[in-house]
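Structural features, examined
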Amino acid sequence: MIFVEPIIFESGIFLLVYFLVFFILATLIRNNSIVDIAWGLGFVLVTLFAYLRGQHFSLVGTLSLVLVALWGLRLSSHILRRNWKKPEDFRYAKWREEWGRWLLIRGFFQIFMLQGALMLLIVFPLLLIQAQDGAKLGALTLVGLVIWLVGYYFEVLGDKQLRDFKSNPDNKGKIIQSGLWRYTRHPNYFGEATMWWGIFLIALGATGNLVTILSPVVITYLLLFVSGVPLLEEKYKDREDFQAYARVTSKFFPLPPKKEEI
């Protein structure tokens, strides 16, 4: 059975140790938001671990490793640059205040171990690819790669446009409404979800297993309803300019803006 593949179990142990290290570091520096840096990097390291552990070195396995490395290393470096020498992110700071004396226990399980478990579930298709002996390229590989590239484009360009917008002093206190942000309020989140749907198709072609669809379903659900869009939009819910922007701009999937003046 795929759920008892040795590589899955071993990768789970790898992630347990990985997030334990980050938990200790976060406790020492009193900043749990470093787990966001661990997120992208963790996918790269656990996929590399499975790639080397499986020793199949197939073209599909190598391709999937390259794709997750392009995504994960860029994401972690982007978050590191954005948060460097800044206080703990408002989400984690709020939990620190709310959890009080239970901070260590709840932080360990609800932040670090939970992210480790979610990562294992999301990275599952990539681990399954590395466990395949003789996984081959096919039509689904090409389709998945094209979809992944579309997602990567949205995430990278969306982040760049936001970074450039914030770097302009004239935009202080304003909400970006140009570029990709004119068509979706969250081009980076849309891009991330799209990339994982691309990886799912690559994995489906390599393994033939539909269970791998759990990965993009989970990441899309998290981004749309749990840790992505809701938390960010909660921060701006009382701003009139954001509400006006939200009325004409698609929440997630890129669409032409509605015909209403902001």
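The coordinates are above.
In this report, we go over the structure that sits alongside the text.

**A short note on unusual backbone geometry**
- Residues other than glycine seldom take positive phi values, yet Arg30 does so here, at roughly 55°.
- The topology assignment puts Arg30 in the loop between α1 (6-29) and α2 (35-54).
- In this structure, Gln55 is a non-glycine residue whose phi angle is positive, near 60°.
- Examined against the element boundaries, Gln55 turns out to sit in the loop between α2 and α3 (59-83).

**Focus: α3**
- Between its terminal C-alpha atoms α3 stretches 36 Å, which fits the 36 Å expected from 25 residues at 1.5 Å a residue.
- Looking at the residues trailing α3, positive phi occurs at Lys85, about 60°.

**Topic: the nonpolar core**
- Core analysis: the largest hydrophobic core is formed by 59 residues, its most contacted members being Phe19, Trp39, Phe43, Trp71, Phe112, Ile122 and Trp196.
- Here the element with the most residues in this core is helix α8 (residues 187-207); it accounts for nine residues.
- Ignoring sequence-local partners within four residues, the contact set of Ile122 consists of Trp39, Phe43, Trp196, Ser215, Val218, Ile219 and Leu222.

**Comments concerning the side chain of Glu192**
- Its place among the elements puts Glu192 in helix α8.
- Buried and unpaired, Glu192 has Arg74 as its nearest opposite-charge partner, separated by 7.2 Å.
- Non-local contacts of Glu192, meaning those with residues more than four positions away in its chain, are made with Trp39, Trp71, Leu75, Glu155, Ile219 and Leu223.

Reading the values: the criteria
- Residues numbered from 1 in each chain as written.
- Predicted model: local features only at pLDDT ≥ 70, side-chain atom pairs only at ≥ 80, totals over all residues.
- Heavy atoms only, no water.
- Helix = DSSP H or I, 4+ residues; strand = E, 2+ residues; numbered from the N terminus.
- Expected span 1.5 Å × (residues − 1).
- Core = buried A, V, L, I, M, F, W, Y, C linked by side-chain atoms within 4.5 Å.
- Buried < 20%, exposed > 50% of the residue type's maximum accessible area, 1.4 Å probe, protein only.
- Contact = heavy atoms within 4.5 Å.
- Lys, Arg positive; Asp, Glu negative; His and termini not counted.
- Salt bridge = Lys/Arg side-chain N within 4 Å of Asp/Glu carboxyl O.

Purely geometric numbers; function is a separate question.
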